[in-house]
Amino acid sequence: MPPVRRKFSIRKANAHLREADPVIGQLIDQHGPFQPRPSGDPWSALVRSILFQQLAGAAASAIQRKWFAYYGDEQTTPTPEQILATPDEDFRACGISRQKMSYFRDLAVHTADGRLKLTRLNRMSDDHVIKALTEVKGIGEWTAHMHLMFHLGRPDILPVGDLGVRKGMQIAYDLAEMPKPKEAAELGAKWAPYSSVASWYMWRAADTFTPDQSL
């Protein structure tokens, strides 16, 4: 399945954000243009999102390689049918916790029985996508937001539950403390309808912070 085609102009998004928020304008100059990397496989994107929850990237990647290799290819995501046929002890041997094991199985069941039709998500509104995804055990609003931004290419997602976005706000706006979700929503309200792009710059701000910078 090819990546979902982006439905907005990065040039127009940058122009809007520069006018709406000079702080974002500075980040655009510093980090260059927004660089989305849409996934072509919604199933794999969701499996990876669950796997990487609450794990350091390197640790999650190591578990992913071992787990995928169990099915024959460390580069290929197991199918719903393969996941449902995997014994508990084999999940555990690959480093998958019992909690995430249950999440993967619930995602597989929802996909296999048709309750979650991944190919239809692109035709649904943001709110309906969030509702459909969060009916799966282990998929919360954060994971739904990441799917909307990075798989479906939606332009106006503001993931205020994401610590990286809020840390970026603290750094970019020189705040004494990391804003709470409600405060982050208020701060980012002026970014609409390109909140996804602005959020990407908040991650860049957090990534480039160094300890000798004052907050």
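Now for a look at the structure at hand. (Residues numbered from 1 in each chain as written. Predicted model: local features only at pLDDT ≥ 70, side-chain atom pairs only at ≥ 80, totals over all residues. Heavy atoms only, no water.)

With that settled, the discussion passes to the packing of aromatic side chains. Given two aromatic rings, their pairing is described by the distance between the two centres and the angle made by the two planes. In total, this model carries 10 aromatic pairs according to the counting rule given. Both rings, one in Trp-67 and one in Phe-68, keep their centres 5.5 Å apart while their planes meet at 50°; by these two values the pair is tilted. Each member of the pair Trp-67 and Phe-68 is classed as buried. Between Trp-67 and Phe-91, the aromatic rings sit 6.0 Å apart at their centres with planes inclined by 40°, giving tilted as the arrangement. With Trp-67 in helix H4 (residues 57–70) and Phe-91 in helix H6 (residues 88–93), this pair connects stretches of sequence that are 24 residues apart. Just as Trp-67 is buried, Phe-91 falls in that class too. Following the ring pairs from residue to residue traces out a cluster consisting of Trp-67, Phe-68, Tyr-70, Tyr-71, Phe-91 and Phe-104. Above the ring of Phe-52, the side-chain terminus of Arg-48 is found at 4.0 Å from the ring centroid. (Phe/Tyr/Trp six-rings, centres within 6.5 Å; stacked < 30°, edge-to-face > 60°. Buried < 20%, exposed > 50% of the residue type's maximum accessible area, 1.4 Å probe, protein only. Helix = DSSP H or I, 4+ residues; strand = E, 2+ residues; numbered from the N terminus. Lys NZ or Arg CZ within 6 Å of the ring centre and 35° of its normal.)

This part covers the pattern of salt bridges. On inspection of all chains with the given rule, the structure shows 8 salt bridges. One salt bridge connects Asp-21 with Lys-190, and the closest N-O pair in it is separated by 3.8 Å. In this pair, Asp-21 is assigned in the loop between helix H1 (10–20) and helix H2 (22–31) and Lys-190 in the loop between helix H11 (181–187) and helix H12 (195–207), connecting sequence segments 169 residues apart. Note that Arg-98 is salt-bridged to Asp-88, the shortest N-O span being 4.0 Å. Of the two residues, Arg-98 is situated in helix H7 (residues 98–112) and Asp-88 in helix H6; the sequence distance between them amounts to 10 residues. (Salt bridge = Lys/Arg side-chain N within 4 Å of Asp/Glu carboxyl O.)

All right, on to the side chain of His-147 then. Of note, His-147 is situated in helix H9 (residues 141–150). Given a relative accessible area of 3%, His-147 falls into the buried group. Discounting residues that sit within four places of it in the chain, His-147 has contacts with Pro-42, Ala-45, Leu-46, Leu-121, Leu-133 and Leu-152. (Contact = heavy atoms within 4.5 Å.)

Judged by its relative accessible area of 2%, Asp-21 falls in the buried class. Among all residues touching Asp-21, those that are not within four sequence positions of it are Tyr-173, Lys-190 and Trp-191.

Tracing the backbone shows Ala-69 in helix H4. With 57 residues separating them along the chain, Ala-69 and Asp-126 place their C-alpha atoms 34 Å apart.

As a further point, take helix H8 (residues 126–134). Looking at H8, one finds that the buried residues are Val-129, Ile-130, Ala-132 and Leu-133. With its buried residues spanning 165° around the axis, H8 presents them on a single face. For H8, exposure combined with an orientation more than 90 degrees from the buried face picks out Asp-127 and Lys-131. The secondary structure elements touched by the buried residues of H8 are helix H3 (42–52) and H9. (Arc of directions from axis to C-beta.)

Another point: the nonpolar core. Of all hydrophobic cores here, the largest spans 59 residues; its most connected members are Ile-24, Trp-67, Ile-96, Leu-107, Leu-116, Met-169 and Trp-191. The dominant element in this core, judged by the number of residues it contributes, is H12, at 7 residues. Setting aside residues no more than four positions away along its own chain, Trp-67 makes contact with Val-47, Leu-51, Pro-78, Ile-83, Phe-91, Cys-94, Ile-96 and Phe-104. (Core = buried A, V, L, I, M, F, W, Y, C linked by side-chain atoms within 4.5 Å.)

This part is about the packing of H1 against H12. Direction vectors running N to C along H1 and H12 enclose 70°, while the axes themselves pass 10 Å from each other. It follows from the interaxial angle that H1 and H12 lie roughly perpendicular. Listed contacts from H12 to Ala-13, Asn-14 and Leu-17 of H1 are Val-197, Ala-198 and Tyr-201. Of the residues that constitute the contact of H1 with H12, the class distribution is 5 nonpolar, 1 polar and no charged. (Axes fitted to C-alpha atoms, helices over the stretch in contact; angles between N-to-C directions. Parallel < 35°, antiparallel > 145°, perpendicular 65-115°, else oblique. Nonpolar A, V, L, I, M, F, W, Y, C, P; charged D, E, K, R; others polar.)

Another point: the packing of H3 against H4. The contact between H3 and H4 brings their axes to 9 Å, and the two run at 125°. Accordingly, the angle class assigned to the pair H3 and H4 is oblique. For the pair H3 and H4, the sense of crossing is right-handed. The segment H3 lies against H4, with Val-47, Arg-48, Leu-51 and Phe-52 engaging Gly-57, Ala-60, Ser-61, Ile-63, Gln-64 and Trp-67. Of the residues that constitute the contact of H3 with H4, the class distribution is 6 nonpolar, 3 polar and 1 charged. (Left-handed = near helix turned anticlockwise from the far one by under 90°.)

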